[in-house]
Amino acid sequence: MIHERVPVANDGAFIKTYFQEVSPEIKMSECRPALVVCPGGGYEYCSDREAEPIALAFASRGFQACVLQYPCGENHHFPEQLCALAHTVAWLRENAGRLHLDANRIAVAGFSAGGHLAASLGVFWNAPFLAKETGLLPESMRPDRLVLGYPVISGEPGIAAEPSMRSLLGQEPCEDPKEREFVSLEKHVTAQVPPTFLWHTYPDATVPVENSLYFALALRKAGVPFEAHIYSVGGHGLSLANHLTENFAGGGVQRECEGWLSLAADWLSR
């Protein structure tokens, strides 16, 4: 396995790679699909529970996986994180041959606030402001698929994950309805958004399930193919939903939900 730390932007963002080497015994090793993992953490930090374990799980299913450590905290606001992700996808596409990955099968997976980041690239990859901010061509930073786990989507009061909104926009702009609407991703869905896989839990008290439902409805109206799984049990931040990502408080294990990974990997393979 090629495990490296690769800078992707001037703001300190970097990716950790979990790339499998080419083997003369393995046919698919010459050109594998790729997956960028965006951990959650409320835009305040990048959660370890939603980083390496998920990348390794997808690597075991044949993906060239990497984790984006994007800028977080009070000094980093929108669109800084989005630019880091855009540069990551563009770097993978530019180096596809050397990295033995398929430049037309680059998926972005995000969880909680990382889901907002992944979905942001899905809706803004061809927006003029992003091309101006990054200096990249739209087609170079377009993700081919999105995988969103319990994602923050909306800035709508009552539905929004308020801590994520405050970290993303800053305390003062967070009260500006125009700023909140701009980062309410369900309002920016067009037919150009990549096909999307969504999963969420109905009882999620941190990021209400309406976030995924709003995005799914917007995808439906725009004619974008999607698959959505809403689990009747489970809280927020489940990650793999098994003992591999259990936290020290004994949370994060919900066996009824751990099948999301196989469902997502199968969906990506189609």
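Computed from a prediction, not measured in an experiment: that's the story for all the values here.

Asks: Describe the sheet that holds strand β2 (residues 14-18), with residues and values.
Replies: Taken in spatial order, the 8 strands of this open sheet run β1-β2-β4-β3-β5-β6-β7-β8, and their pairing is mixed. Unpaired on one side and paired on the other, β1 (5-7) and β8 (226-231) mark the two borders of the sheet. Direction aside, neighbouring strands of the sheet carry axes that sit 20° apart on average. Where strand β3 (residues 32-38) meets strand β5 (residues 101-111), 6 bridges bridge the pair, whose relative direction is parallel. Paired with V36 across the two strands is V108, which belongs to β5. The strands touched by helix α9 (residues 210-222) are β6 (145-149), β7 (196-201) and β8; relative to β7, the strand with the most contacts, the crossing angle is about 155°. Sheet contacts for helix α10 (residues 260-269): β3, β5, β6, β7 and β8; angle to β6, the most-contacted strand, approximately 170°.

Asks: Lay out unusual backbone geometry in plain terms, naming residues and giving numbers.
Replies: Note: most residues except glycine have negative phi, and most peptide bonds are trans. Omega for the peptide link from F78 to P79 comes to 5°, which places this bond in the cis form. Tracing the backbone through its elements, the reader meets P79 in the loop between β4 (64-69) and α2 (80-94). Here the phi dihedral of Y150 falls at roughly 35°; this positive angle occurs in a residue that is not glycine. With respect to the element layout, Y150 can be found in the loop between β6 and α7 (162-169). The backbone phi angle of S239 is positive, close to 55°, even though this residue is not glycine. Counting through the fold element by element, S239 comes out in the loop between β8 and α10. Exposure remark for S239: the relative accessible area of 0% places this residue in the buried category.

Reading the values: the criteria
Each residue is numbered by its place in its chain's sequence as written, counting from 1. Given that this is a predicted model, residues contribute local features only at a pLDDT of at least 70 and side-chain atom pairs are listed and counted only at 80 or more, while totals for whole chains, interfaces and linings are drawn from all residues. Water and hydrogen atoms play no part in the side-chain values, which are based on all heavy atoms of the structure. Think of it this way: DSSP has to see at least two bridges between two strands before they count as a pair. A run of H or I in DSSP becomes a helix once it reaches four residues, and a run of E becomes a strand once it reaches two; helices and strands are each numbered from the N terminus. Every axis in this analysis is a line fitted to C-alpha atoms, fitted for helices over the stretch in contact. Angles between the N-to-C directions lie between 0 and 180 degrees. Contact criterion: two residues are considered in contact whenever any of their non-hydrogen atoms come within 4.5 Å of each other. Type-normalised accessible area, obtained with a 1.4 Å probe on protein chains alone, sets the label of each residue: buried when under 20%, exposed when over 50%, and partly exposed for intermediate values.

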